[in-house]
Amino acid sequence: MSSLTQQLPALVVGLPFFSAMAVTLLTWRNRDAAFPVALIGLALCAAASLALSIHIATDGPVIYRMGGWEPPMGISFYVDGLNVLVLAIISFVALVNLSGTRPAVRLEYAGKDGSFYTLYLLCVTGHLGMVITSDVFNLYVLIEIAALSGYALLGWGSSRAPLSTLNYLFIGVIGASFYLLGVGFLYIQTGSLNMLDIAGIIQILGVTPTLTAAFGLIMSGILIKMAFFPAHGWLPNAYCHAGSPAVSLIAPMTTKVMVYVMVRMMLTVFSPKLVFDRGLLPDLMVLMASAAIVICGLMALSAKNLKRMLTYVLITEVGYMVGGAWLGNRAGMTGTVLHVVNDAAMTLTMFMAVGCLSYKFGKLDYKKLQGVFPKMPFTMSAFVLGAIAMIGVPPTCGFFSKWYLILGGLEAGHIEFVVALILSSLINVVLFFKVFEIGFFEPWPEGTDSHGHPHRPAIAMREAPASMVAPLVVSALALVGLGLMNSKLVAIIENALPASLY
Amino acid sequence: MFDALSDILAHKYNYLGFIILMMIGLWAMLAKSNLAKKILGMAIFQSAIILFYISVSVKENATLPILEHHGHGDEHGAETAAHGVQSAAHATESTLQSTHDAAQATSHGLAESAHDAMQAANDVTHSAVNATGDALHAAAQAVGEAAAHGAHAAINAADYVNPLPHVLMLTAIVVSVATLGVALALAMKIYKEYNTLDEDVILEKIRQ
């Protein structure tokens, strides 16, 4: 048993990868095998990540040596309190979303289940690898693995999807290449690619111009990849036109994982001392984040399509996390990592609910959602729970991370960030109550039955298939669960924050 | 000013080249309206970064990072003392562990005691002496040579270019080829949809 515990970090990344291979091979013979194999692979992966987080919470950080080679030469995985929660949430997000995709995949990717599930599993592998690796070059390769499978999944939607995905690809390549260039500078200066090794060398070196260049390039690459405000243009189109099973996988993962990568770079590779002693830069970043929160909130207000509205809310949340990380204190950093976890769950709930709605309605102009509450009570209850979490109402998880972010903002004296957070909560209230109002109070329009049959009494349910709704309800309830568990999660995160961060 | 410029031109022209190439790629990605040209710009941009990494590993008067065997006609000719000991051990591999001890002893520079140890090894492996005698002899010769030449035949890192950036770029090339492939596949889908690759025309068609 203990030997299995030692192999957990490899299993977390290896299981989805090998199930991707298995899915490809099996679908040659039998197309129906794709879904169960993928489900089993991800269930085992989620179990491994859960076991790993229990192990880390009790025994502290783990360095996993690939093939037994020692770190500076060999490749290693590093798991501590900062990434173990992100690993767990991502594997669970992928599992919950996968269990609800079958009807939608049959509808939107007819006859290509095998390819879809292979790409799905590879995308999950890439994201998990990005979180767990402790090698800066492997991180680049895993960014590209995640991104390439993501492009393929997103380009596979409506007729406009290929064009918006190609634009996403261009931006993604620029972001990843900037990161790669930064790694080059880091390698010139330190001669190492292992994160912990680099951190040790930087401690001795101090600040040099090459390191500053490396830091700038790596940060700008990561900020482009995570759709931080001025570089967010690609995200709404790419997510809007893609199929919903793909978006409800990629939307909760990609931006959140890139935020985690930024936190890892700031805290582990470049030490907090080096990052936060950069004159105006931290203040500027917090200011930009505040602007991102307000401006993208207003853009969300002006969006007419429900999916597009949610993508702008997603960019707002990126602003929360970047701002919190650059506040430079423990509360802000705790809030950021906690929000990475919570926002993944919230985004999953929202996009799965939208997936159920679009399974029934196709295009999602939210003005046309009249009377949808009595028709789809479970979907809409989950949607309301997700919206409440996004607004930040106490029993749900959204409140607690926002609480830490506001606490950090007050502690650092960044009033504009606190104001932006509260304003964004208000914008979210307006945004979601508009949807509730149309869906709950306005009557179901007469004679809109898609088959032309006479209109039936308004109470008859027209819910999406149970296999789609059940995972949605699970993820909505998880929002409350995560909220109730917040003190445990915070304890794990705070243990992992470096002592030099006050 | 002029000095700094000529310094860059004379000694850092490779970096200058990569910056120019990178900017050409970036400009093509941002300014061109034809999607095929944008994709080519992307390929140029990625190649520029690969060239940057290769520039990093270059050293003056350095050669490929491959070790060559160059002894005095002896096929087990040693480059370093340690290497010599190793090949000595290899030569007598078929006999017994005791020879290893001898070889190890020599690696500490104790040539005489090593000789004794080898004699002892000979005694122990008395029954196999005829078969291994030649091998041991060769080993002793190699060890002696290694001891004589070890000091100036050691591997000097400055003689070889750094192999790691090359290995990294092998991976990066695979990644950029894959990206190019996905981009071209998307461009094909776009062409099937709109019958053109000109972004302005496509946007015009979308608006209609």
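Predicted, not measured: the structure shown is a model, and the values here were computed from it. Residue numbering note: each chain is counted from 1, following its sequence as written. To read the labels, note that chains go from A and ligands from 1, taken in the order they are written. Reporting of local features is limited, given that this is a predicted model, to residues whose pLDDT is at least 70; pairs of side-chain atoms are given and counted only at 80 or more, and all residues count toward the totals for whole chains, interfaces and linings. Heavy atoms from the whole structure form the basis of all side-chain values; hydrogens and water molecules are not counted.

**Section: the overall build of chain A**
Phase 1: Helix and strand counts for chain A stand at 21 helices and two strands.
Phase 2: Both definitions apply: the radius of gyration is a C-alpha atom measure, and the globule rule equals 2.2 Å times residues to the power 0.38. For 502 residues, the compact-globule estimate of 2.2 N^0.38 gives 23 Å, and chain A sits close to it at 22 Å.
Phase 3: Oriented by its inertia axes, the alpha-carbon framework of chain A measures out at about 80 × 60 × 45 Å.
Phase 4: By the burial criterion, 62% of the 502 residues in chain A qualify as buried.
Phase 5: Contact between two residues is taken to exist if any of their heavy atoms lie within 4.5 Å; hydrogens are not considered. Of the contacts formed within chain A by residues at least 6 apart in sequence, a portion of 80% connects residues at least 24 apart.
Phase 6: Total accessible area on chain A is roughly 17700 Å²; 68% of this is exposed by carbon and sulfur atoms.
Phase 7: Averaging the positions of the 26 positive and the 22 negative side-chain charges in chain A gives two centres separated by 9 Å. What counts as a helix is a DSSP run of H or I of at least four residues, what counts as a strand is a run of E of at least two, and both are numbered from the N terminus. Three exposure classes are used, based on accessible area relative to the maximum for each residue type with a 1.4 Å probe and protein chains only: buried under 20%, partly exposed in between, and exposed over 50%. Surface accessibility in these figures is a Shrake-Rupley result with a 1.4 Å probe; residues are shielded only by whichever protein chains are displayed. Within this scheme the basic residues Lys and Arg register as positive and the acidic residues Asp and Glu register as negative, but His and the chain ends are omitted. Where a charge sits is defined by one atom per residue type, namely NZ (Lys), CZ (Arg), CG (Asp) or CD (Glu).

**Some thoughts on the interface of chain B and chain A**
Phase 1: With 34 residues of chain B at the contact, the number on the chain A side is 29 residues.
Phase 2: Contact between chain B and chain A buries roughly 2800 Å² in total, counting both sides, with carbon and sulfur atoms accounting for 83%.
Phase 3: Buried area, as used here, totals the accessible surface that two parts lose on assembly, with accessibility defined by a 1.4 Å probe and the loss added over both. Looking at the side of chain B facing chain A, the largest losses of area belong to Y53, V175 and L186 of chain B, adding up to 17% of the total buried there.
Phase 4: Whenever Lys or Arg places a side-chain nitrogen within 4 Å of a carboxyl oxygen from Asp or Glu, that contact is recorded as a salt bridge. At the surface where chain B touches chain A, the tally comes to zero salt bridges.
Phase 5: Under the rule applied, a polar contact is a pair of N or O atoms within 3.5 Å (in protein, one hydrogen donor and one hydrogen acceptor; residues adjacent in sequence only if both atoms are side-chain atoms). Where chain B packs against chain A, one counts three residue pairs in polar contact (both at pLDDT 80 or more).
Phase 6: Elements supplying a minimum of two residues to the side of chain B that touches chain A: α2 (13–31), α3 (35–57), α8 (163–194) and α9 (199–207) of chain B.
Phase 7: Considering every element that reaches the side of chain B that touches chain A, the biggest residue donor is α8 of chain B, with 16 residues.
Phase 8: Within the side of chain B that touches chain A, the residues separate by chemical class into 26 nonpolar, four polar and four charged. Residue classes follow a fixed rule: Ala, Val, Leu, Ile, Met, Phe, Trp, Tyr, Cys and Pro count as nonpolar, while Asp, Glu, Lys and Arg count as charged, and any other residue, Gly among them, counts as polar.

**Quick notes on the UniProt feature "domain: NADH:quinone oxidoreductase/Mrp antiporter transmembrane" (unreviewed entry) in chain A**
Phase 1: Following the UniProt record, one finds the feature "domain: NADH:quinone oxidoreductase/Mrp antiporter transmembrane" (unreviewed entry) at residues 134–427 of chain A.
Phase 2: As a span, residues 134–427 of chain A carries 81% helix and 0% strand, and end to end its C-alpha atoms are 39 Å apart. UniProt positions are given in the numbering used here, feature names are shortened, and annotations may be inferred rather than shown by experiment.

**Some points on the packing of helix α10 (residues 234–241) of chain A against helix α14 (residues 306–326) of chain A**
Angle between the axes and distance between the axes: these two values describe a pair of packed helices.
All names here are of chain A.
Phase 1: As a packed pair, α10 and α14 sit with axes 9 Å apart at the nearest point and diverge in direction by 140°. The orientation of α10 with respect to α14, classified from their angle, is oblique. Of the two elements, α10 crosses α14, and the hand of that crossing is right-handed. Of the residues in α14, those touching α10 at L235, P236, N237, Y239, C240 and H241 are K307, R308, T311, Y312, L314 and I315.
Phase 2: Of the residues belonging to the contact of α10 with α14, the class tally is seven nonpolar, three polar and two charged. With axes taken as lines fitted to C-alpha atoms, and helix axes fitted only over the stretch in contact, angles between N-to-C directions fall between 0 and 180 degrees. If an angle is under 35 degrees, it is roughly parallel; if it is over 145, roughly antiparallel; if it lies from 65 to 115, roughly perpendicular; otherwise it is oblique. Two helices that cross are described as forming a left-handed crossing if the nearer one is turned anticlockwise from the farther one by less than a right angle, and a right-handed crossing if clockwise.

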